[in-house]
Amino acid sequence: MSDGRWFDGWSPWPELAGLAAAGRSLLPNVPVTPGALVRMVTEQLVGRRLTAKVDDREVGLTLAELDYPADSLRLATGRVGDVRIVAEDVDWPEPEGGSIPLRRVTVLAEDVRLRSLPTPAAKPARVELQIAVSAEVLRERVAKARPGIVAAPAANGLLRIHWAKRPLWGHLTLRPEVADDAVVLVPQTLHIGQRRLRPPRRFRPIVLPLPELPPGIRLTKVEPRHDELVLHTVAEEWPERLSRIPLPDLLSWLTTAAVTLTLPKLGARS
């Protein structure tokens, strides 16, 4: 089947035109075309501090970027392309109470297309997330698992640790590996002055339990950078869940967010 017949002759334009009309009833001076409508909502949201509901708790975030090639022509032909969303300064709640500050959460929905059946909806081919935490958060987590140890990102995707009481004694580099429910820091090289040694056997791997991730999120890689730690994840269940959200519900969600600066829950229909 050619790209032009991806929907077997169905065009989402009538539904999208109806969505634009619905948006005009919620926001004053809303543009006429669906593409312009989505761009207008984006301008309302980017750079703003928003709140979102996660279970019964509020999560604060700043929407830093919402990038997509969703012009009206693409919307009319049913091919949106890649959508990139970046949220910064995210206060993510923890199960035992309190929250963990996330420096940045990046969501990439690849090859988003509009489909007609059973209802007009958006379906991404794949959804990836990158979760960045600062070096300060990393130090706190390692110190909690191993009191007296100071950790920091190093070069070449490694971490380095040293004793808080004896920082001049040298340091140990570790390679982060992903386990089922934790990040395991495996000792690599012991640095004492100019000498590079194999770590003694008594230096056991450091196991850092993972924070509770949303359902369907799988950690695939841990990447230390200069001043932060980035967790790479794949949202295995999200493409199917997102494809069950009808387009009218999605527009209602966007317009509610633009008017109230609150991100409502976006339910999926079975």
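All values derive from a computational prediction rather than experimental measurement.

**Student:** Break down the pattern of salt bridges for me, citing the residues and quoting the values.
**Tutor:** For the structure on display, the rule yields eleven salt bridges. Taking the shortest distance from any N to any O, the salt bridge between E228 and R103 comes out at 3.2 Å. Taken together, the positions of E228 in strand β14 (residues 228-235) and R103 in strand β4 (residues 99-115) put the pair 125 residues apart, joining distant regions of the chain. Accessibility expressed as a relative area gives 28% for R103, which makes it partly exposed. Counted as one network, the salt bridges with shared partners bring together R103, R104, E223, R225, D227 and E228.

**Student:** Can you lay out the confidence of the model for the chain for me, pointing to particular residues and giving the numbers?
**Tutor:** On average, residues of the chain score 76 in pLDDT, and 75% of them are at 70 or above. Least confident of the elements in the chain is helix α1 (residues 13-26), whose mean pLDDT is 44; most confident is strand β9 (residues 171-178), at 91. Low pLDDT, under 50, characterises residues 1-28; the stretch is placed with 54 contacts to residues that sit more than four places away or in other chains.

**Student:** I'd like a description of the packing of aromatic side chains, backed by residues and values.
**Tutor:** If you walk through the whole model with that rule in mind, you get two aromatic pairs. Both rings, one in W163 and one in W169, keep their centres 6.3 Å apart while their planes meet at 85°; by these two values the pair is edge-to-face. Residue W163 is classed as partly exposed on the basis of its relative accessible area of 38%. With centroids separated by 6.0 Å and ring planes inclined at 45°, the aromatic side chains of W163 and F203 adopt a geometry described as tilted. With a gap of 40 residues between them, W163 in strand β8 (residues 159-163) and F203 in the loop between β11 (195-197) and β12 (206-209) connect regions that are remote in the sequence. Of the aromatic side chains, those joined through ring pairs into one cluster are W163, W169 and F203. Note that R202 overlies the ring of F203, its terminal NZ or CZ placed 5.1 Å from the centroid.

**Student:** Could you give an account of the side chain of T106, naming the residues involved and the relevant values?
**Tutor:** Positionally, T106 belongs in strand β4. Judged by relative accessible area, T106 falls into the buried class, the value being 7%. Every residue in contact with T106, bar those within four places of it in the chain, is listed here: R84, I85, V86, E128, L129 and Q130.

**Student:** Any details on unusual backbone geometry? Residues and values, ideally.
**Tutor:** Most peptide bonds take the trans configuration, and most residues that are not glycine carry a negative phi. Positive phi, normally seen in glycine, also occurs at D89, with a value near 50°. Within the secondary structure layout, D89 lies in strand β3 (residues 79-93). Unusually for a residue other than glycine, D111 sits at a positive phi of about 50°. Take D111: it is sitting in strand β4.

**Student:** Which residues make up the environment of Q130, and what are the values?
**Tutor:** With respect to the helices and strands, the residue Q130 is situated in strand β6 (residues 126-134). Given a relative accessible area of 30%, Q130 falls into the partly exposed group. Expressed as a C-alpha distance, the spacing of Q130 and V222, which sit 92 residues apart in the sequence, is 9.6 Å. Those residues in contact with Q130 that lie beyond four places of it in its chain are R104, V105, T106, R225, V230, L231 and H232.

**Student:** So what about the nonpolar core? Which residues, and what values?
**Tutor:** V142 and L185 are the most contacted members of the largest nonpolar core, which has 49 residues in total. Take this core: its biggest share by element is seven residues, from β4. What L185 contacts, discounting residues up to four positions off in sequence, is V142, L159, L174, R175, P176, P205, I206 and L208.

**Student:** Any chance you could break down the environment of T256 for me, citing the residues and the numbers?
**Tutor:** Tracing the backbone shows T256 in helix α6 (residues 247-260). Sequence separation between T256 and V41 is 215 residues; the distance between their C-alpha atoms is 9.7 Å. If sequence neighbours within four positions are ignored, T256 has contacts with L261, T262 and P264.

Conventions used here
Residues numbered from 1 in each chain as written. Predicted model: local features only at pLDDT ≥ 70, side-chain atom pairs only at ≥ 80, totals over all residues. Heavy atoms only, no water. Salt bridge = Lys/Arg side-chain N within 4 Å of Asp/Glu carboxyl O. Helix = DSSP H or I, 4+ residues; strand = E, 2+ residues; numbered from the N terminus. Buried < 20%, exposed > 50% of the residue type's maximum accessible area, 1.4 Å probe, protein only. pLDDT = per-residue confidence, 0-100. Contact = heavy atoms within 4.5 Å. Phe/Tyr/Trp six-rings, centres within 6.5 Å; stacked < 30°, edge-to-face > 60°. Lys NZ or Arg CZ within 6 Å of the ring centre and 35° of its normal. Core = buried A, V, L, I, M, F, W, Y, C linked by side-chain atoms within 4.5 Å.

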